[in-house]
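Geometric and topological summary
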Amino acid sequence: MRTGIDVPLRFPDGYATVARMFTFTGLVDGREHLALSLGVPPAVPLVRPHSECVTGDVFGSQRCDCGAQLREAVERIAEAGGYLLYLRQEGRGIGLYEKVDAYALQDGGLDTYEANLALGHAADERDYTVAAQMLHALGARTVALLSNNPDKAAQLSRLGVAVGEQLPTGVHLSPANADYLATKAHRGGHRLAGLRPNGAHPRPPVDRW
């Protein structure tokens, strides 16, 4: 680890807490990733590896569920004790401008995975090696993983971080992201309870955050 400082956090809905923010040296990709320690981490901390999403996290875009997942994760981790890993891999690893290009292709009829492929990328280019490095530096060898994405658990397990259990986030469904979430469930295997592959939802959106 490089530096650790306390940072008071406040979200637009008024929720506030304090995080211990850590920076790192020697991460394999050379990018500036962050770890936020929230609450009092127990022996098996609650951990969310959260990929940066400028449009959702900063501007509140409704085309995805990223901002809502970030808000939910901070409160749940603060209550249980653990770490939010903020990973600089925008657009499932393709970058911000390419993500916006992918949005334009989605407006033309492609789904989120097809758009990445059409731009010459893999459907999902995220690599969680740095997440494993950060967890090892924090002394977290076994974690409870807060994620709907089975690939995160699989990659962390291969990288020497034991996933004791995987806990889903809420389903942050809106008219603007229904197709996006359905595609994640159908093509990415994300665990999104109550969501049908065609984007229809049989009951009102589940979003407590």
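Refer to the structure presented above.
Residues numbered from 1 in each chain as written. Predicted model: local features only at pLDDT ≥ 70, side-chain atom pairs only at ≥ 80, totals over all residues. Heavy atoms only, no water.

**Notes on the layout of surface pockets**
For the second largest pocket, the calculated volume is near 220 Å³. Surrounding the second largest pocket, Leu9, Phe11, Met21, Leu34, Leu36, Asp57, Val58, Leu70, Val74, Leu84 and Tyr86 form its lining. Counting only elements with at least two residues in the lining of the second largest pocket, the list comes to strand S3 (34-38), helix H1 (54-58), helix H2 (66-80) and strand S5 (82-87). A class-by-class count of the residues in the lining of the second largest pocket yields ten nonpolar, no polar and one charged. (1 Å grid on protein atoms, 1.4 Å probe; cavity = no way out; pocket = protein on both sides within 12 Å on 5 of 7 lines; lining within 4 Å. Points joined across faces, edges and corners; volume = space filled by probe spheres on them. Helix = DSSP H or I, 4+ residues; strand = E, 2+ residues; numbered from the N terminus. Nonpolar A, V, L, I, M, F, W, Y, C, P; charged D, E, K, R; others polar.)

**Some points on the nonpolar core**
Phe24, Ala35, Leu85, Leu87, Met134, Leu135 and Leu156 are the most contacted members of the largest nonpolar core, which totals 21 residues. With five residues, helix H6 (residues 129-137) is the largest single contributor of residues to this core. Contacts of Leu85, omitting those with residues within four sequence positions, involve Leu34, Ala35, Val47, Arg48, Pro49, His50, Ala131, Met134 and Leu135. In terms of nonpolar packing, the next biggest core, distinct from the first, is built from 17 residues, Val7, Leu38, Leu70 and Leu84 among them. (Core = buried A, V, L, I, M, F, W, Y, C linked by side-chain atoms within 4.5 Å. Buried < 20%, exposed > 50% of the residue type's maximum accessible area, 1.4 Å probe, protein only. Contact = heavy atoms within 4.5 Å.)

**Here's the deal with H2**
For H2, which comprises 15 residues, the first-to-last C-alpha distance of 21 Å matches the rise-based estimate of 21 Å (1.5 Å per residue) to within 8%. Judged by how many residues are buried, H2 sits mostly within the fold: eleven of 15 residues are covered. Along H2, the positions that sit buried rather than exposed are Cys66, Gln69, Leu70, Arg71, Glu72, Ala73, Val74, Glu75, Arg76, Ile77 and Ala78. Phi for Gly81, located one or two positions after H2, is positive at around 90°. (Expected span 1.5 Å × (residues − 1).)

**Some points on helix H4 (residues 96-107)**
Relative to the 16 Å expected for twelve residues at 1.5 Å per residue, H4 spans 17 Å between its end C-alpha atoms, a close match to the ideal helical length. Within H4, burial applies to Lys99, Ala102, Tyr103 and Gln106. The buried side chains of H4 occupy one side of the element, clustering within an arc of 105° when seen end-on. Of the exposed residues in H4, the ones pointing more than 90 degrees away from its buried face are Tyr97 and Asp107. Where the residues of H4 are buried, they touch H1, helix H3 (90-93) and helix H5 (112-118). Remark: Gly109 follows H4 within two positions and exhibits a positive phi of approximately 120°. (Arc of directions from axis to C-beta.)

**Considerations on the sheet that holds strand S4 (residues 46-51)**
Strand order across the open sheet formed by seven strands is S1-S2-S3-S5-S4-S6-S7, with mixed pairing between neighbours. Two strands lie at the open edges of the sheet, namely strand S1 (3-10) and strand S7 (162-167), each paired on one side alone. The sheet shows a mean angle of 30° between the axes of neighbouring strands, taken without regard to direction. Strand direction decides the pairing type here: S3 and S5, joined by five bridges, are antiparallel. Counted as the bridge partner of Leu38 is Gly82 from S5. Running at roughly 145° to S5, H6 makes contact with S3, S4, S5 and strand S6 (142-146) of the sheet. Contacts between helix H7 (residues 150-158) and the sheet are confined to S4, S6 and S7, with S7 contributing the most and set at about 170° to the helix. (Pairing = 2+ DSSP bridges. Axes fitted to C-alpha atoms, helices over the stretch in contact; angles between N-to-C directions.)

**Things to note about the packing of aromatic side chains**
Applying the stated rule across the entire model yields one aromatic pair. Above the ring of Tyr103, the side-chain terminus of Arg63 is found at 4.3 Å from the ring centroid. Stacked on the ring of Phe11, the Lys or Arg Arg71 has its end atom at 5.7 Å from the ring centre. (Phe/Tyr/Trp six-rings, centres within 6.5 Å; stacked < 30°, edge-to-face > 60°. Lys NZ or Arg CZ within 6 Å of the ring centre and 35° of its normal.)

Any link to function would need more than the numbers given here.
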